[in-house]
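One letter stands for each residue in the lines below.
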Amino acid sequence: MSLLEVTDLHAGYGMVNVLAGLSLTVDEGESVVILGANGAGKTTTLRAMSGMIPATGSMRFDGVEMLGRRVDRLVAAGIAHVPQGRGTLVDLTVEENLRVGAYTRHDDGVDGDINRWCEVFPRLGQRRDQAAGLMSGGEQQMLAIARAFMSRPRLVLLDEPSLGLAPLVTREVFDRVDELVKETGTAVLIVEQNANLALQFAARGYVLESGRIVIEGTADDLLADDSIRRAYLGGGA
Amino acid sequence: MIGFQLTEFAQYCLIGLGNGAIYAMVGLGLVVIFRSTGLLNFSQGEIAMFSTFLVWQLHEVGLPVWLAMLGGMVLGFGFGAMLYRVAVQPAGDPHTNPLAVVIITIGLFLGVNSLAQLIWGTGDKDLEPLFGRDGFIVAGVSVDWQKIGTLAVLAFEVALLYLIFNKTKIGLAMRAVASGPESSALAGIPVTQIILIGWGVAASLGALAGTFAAPSRGLNSSLMLQVLVLSLAAITLGGFDSLVGAVVGGLIVGLATDVIPKYVGFLDKVPLAPAFAIILIVLLVKPEGLFGSKRVTRV
């Protein structure tokens, strides 16, 4: 049994149907990427899974049906979602942002975890008591990822971390996530336009087109696939 | 203009501070809602008035004033949360549709006012002052215990709110929800519950404010009409999201409206003028207020 099993997911906005029966799985500790062009439904997939928009179909997490549950219950169950655009709570300090990430926890390890993330991401440590809105885009992305990990999730949904970031910064973000995933054994489902980078990081991938999975395979297979190279990796390069 | 007398001036100031404490209390309710939802609640004054009637009702059935006040705060909490649930929440996300929510709070202003008239009529009710009607005279200035008590309760109230907002998990959640409801939800905060609590707390604070306002102003459905305007001036001056700002702003507005007209003859006819002048000047010179936070964001 996979950690996450999404089957026949349908969702949309109002009368517009964006997802037309999407299915995917993520195993415990696995890194999986969903590739797709603008408008393919990548963000919608994650929003539907998190209960931010109404959806039908099935989403089993650890064997339990989760679709339609309130988003705060999903977090408590072990699914953390880093939204597109990072979702920084700009009026709160960096430390408070991290503390918010631990809202569903009731153990006494929260302060320890905050210290830990401030060491893992030294930039956050330096700006611990500053308003989070003052940080650069890359720093805010690091904060959003650290905040998600504050809930001690088993699965992190990561929505286009490269958005608005310089290539070098994007690279750094991916490297850090890679380290974290290996260290904590957390599974990650990431949606990305930057296929080249994402496929180096992930073990498996899905290609999403018009709300459907059209291709799936290991990252190596996808990197080798000519049609994917043409569509998402910048021609035959 | 007559000669300036220090005792007289001190007496006016004391009256101003006593009234200012009430503007501050209502202002604190506005700040609580602003800090948990990011919105201005125009019905805050009327919710306070309604909750004060609940206090009066409990006193009427035999509870001592202080117990009636606590009871009214508890019932007020439920009333405020219920109003949010029934009238405000159906309008959807206040961040995508702020105008709808603001209009609804104006509708609530009228609705709650009418409801109070329907239940309790239009005549004045008498609510006993919590700290009695006694006082003392110091250096020719008469000081009543009720004013001292009001200021003391205000100090206690703001300290408690400060601790809640800055040192508790629920306070952090309220500030998070005000800053970004969707991110807060994704971080696991039950957003609707937090906003309900914010409205409940604000209504409780309204019951507290009303309990201090009613004895001198007379308890009727227009108890808070003027107070709300002055409280809005107070938090505009102090900063919409600042607890300390509401207190300092309230006291300054109290002083301005009770002292200045005594020395500037024509203002007697337009008692709210200093409050409007304050709002106007602050918005022109320092829009975030004395203690409010300037919102700075890098994208």
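In this report, we go over the structure that sits alongside the text.

The rules behind these values
- Residues numbered from 1 in each chain as written.
- Chains lettered and ligands numbered in written order.
- Predicted model: local features only at pLDDT ≥ 70, side-chain atom pairs only at ≥ 80, totals over all residues.
- Helix = DSSP H or I, 4+ residues; strand = E, 2+ residues; numbered from the N terminus.
- Rg over C-alpha atoms; globule rule 2.2 N^0.38 Å.
- Buried ≥ 20, exposed ≤ 12 C-beta atoms within 10 Å, placed from the backbone.
- Contact = placed C-beta atoms within 7 Å.
- Pairing = 2+ DSSP bridges.
- Axes fitted to C-alpha atoms, helices over the stretch in contact; angles between N-to-C directions.
- Nonpolar A, V, L, I, M, F, W, Y, C, P; charged D, E, K, R; others polar.
- Left-handed = near helix turned anticlockwise from the far one by under 90°.
- Parallel < 35°, antiparallel > 145°, perpendicular 65-115°, else oblique.
- Expected span 1.5 Å × (residues − 1).

1. Section: the overall build of chain B
Regarding its fold elements, chain B presents eleven helices and two strands. For 299 residues, the compact-globule estimate of 2.2 N^0.38 gives 19 Å, and chain B sits close to it at 19 Å. With respect to the three principal axes, the spread of C-alpha positions in chain B is 65 × 50 × 35 Å. Of all 299 residues assigned to chain B, the portion counted as buried reaches 51%. Counted over contacts in chain B with a minimum sequence separation of 6, partners at least 24 positions apart contribute 74%.

2. Quick notes on the overall build of chain A
Tallying secondary structure elements over chain A gives ten helices and ten strands in all. A globule of 237 residues ought to have a C-alpha radius of gyration of about 18 Å, and chain A, at 17 Å, matches this closely. Its C-alpha atoms give chain A principal-axis dimensions of about 45 × 40 × 35 Å. Among the 237 residues that make up chain A, the fraction classed as buried is 49%. Counting contacts in chain A only where the partners sit at least 6 residues apart, residues at least 24 apart contribute 66% of the total.

3. A look at the sheet that holds strand β5 (residues 64-65) of chain A
Residues and elements named next belong to chain A. Across the sheet, which stays open at both edges, the four strands sit in the order β2-β1-β4-β5 with antiparallel pairing between neighbours. Each having just a single partner strand, β2 (16-26) and β5 make up the two edges of the open sheet. Note that strand β1 (residues 4-13) and strand β4 (residues 55-61) share six bridges and pair antiparallel. Bridging from a neighbouring strand, Thr7 pairs with Ser58 of β4. Together, β1, β2 and β4 form the strand contacts of helix α1 (residues 42-49), whose direction differs from that of β2 by roughly 75°.

4. Let's talk about the interface of chain B and chain A
Counting from both sides, the interface comprises 20 residues of chain B and, opposite them, 25 residues of chain A. For the side of chain B that touches chain A, the secondary-structure elements that each account for two or more residues are α6 (169-179) and α7 (181-186) of chain B. Tallied by class, residues from the side of chain B that touches chain A come to nine nonpolar, seven polar and four charged.

5. A short note on the pairing of β4 of chain A
Residues and elements named next belong to chain A. By the bridge criterion, two bridges tie β4 to β5 in an arrangement that is antiparallel. Bridging across to β5, Phe61 finds its partner in Val64. Between the antiparallel neighbours β4 and β5 lie two residues, among them Asp62 with a positive phi of about 55°.

6. Quick word on the sheet that holds strand β7 (residues 155-159) of chain A
The strands that make up a sheet are held in pairs by hydrogen bonds between backbone atoms, and each pair lies either parallel or antiparallel. All names here are of chain A. Ordered in space as β6-β7-β8-β3-β9-β10, the six strands form an open sheet in which the pairing is mixed. In this open sheet, the two edge strands, each paired with only one partner strand, are β6 (79-82) and β10 (212-218). Across the sheet, the axes of successive neighbouring strands diverge by a mean angle of 15°, strand direction being ignored. The sheet contact formed by β7 and strand β8 (residues 187-192) spans five bridges and is parallel. Counted as the bridge partner of Leu157 is Leu189 from β8.

7. Focus: the packing of helix α3 (residues 94-101) of chain A against helix α6 (residues 137-149) of chain A
Residues and elements named next belong to chain A. The contact between α3 and α6 brings their axes to 7 Å, and the two run at 35°. α3 and α6 meet at a crossing whose hand is right-handed. On α6, the residues touching Val94, Asn97, Leu98, Val100 and Gly101 of α3 are Leu143, Ala146, Arg147 and Ala148. Each residue belonging to the contact of α3 with α6 can be placed in one class, and the counts come to six nonpolar, two polar and one charged.

8. Comments concerning the packing of helix α5 (residues 145-167) of chain B against helix α10 (residues 243-263) of chain B
All names here are of chain B. Orientation of α5 relative to α10, taken along the N-to-C sense of each, is 160°, at an axis distance of 9 Å. Judged on the interaxial angle alone, α10 and α5 are roughly antiparallel. Crossing angle aside, the handedness with which α5 passes α10 is right-handed. Residues Leu154, Val158, Leu161 and Tyr162 of α5 form the contact with α10, whose participating residues are Leu243, Val244 and Val247. A breakdown of the residues in the contact of α5 with α10 according to their chemical character gives seven nonpolar, no polar and no charged.

9. Quick notes on the environment of Asp268 of chain B
Residue and element names in this part refer to chain B. Turning to its location among the elements, Asp268 is positioned in the loop between α10 and α11 (273-285). Looking at Asp268, the number of C-beta atoms within 10 Å reads 10, which means it is exposed. When the C-alpha atoms of Asp268 and Phe212 are compared, they prove to be 24 Å apart, with 56 residues separating the residues in sequence.

10. Re α6 of chain A
In an α-helix, one turn spans 3.6 residues, which is why side chains three or four residues apart end up on the same side. All names here are of chain A. Over its 13 residues, α6 extends 19 Å from the first C-alpha to the last, a length consistent with the 18 Å expected when each residue adds 1.5 Å. Among the 13 residues of α6, eleven are classified as buried, and the element is accordingly described as predominantly covered. All of the buried residues in α6 are Glu139, Gln140, Gln141, Met142, Leu143, Ala144, Ile145, Ala146, Arg147, Ala148 and Phe149. On its buried side, α6 packs onto β6, α3, α4 (110-120), α5 (122-126), β7 and α7 (167-184).

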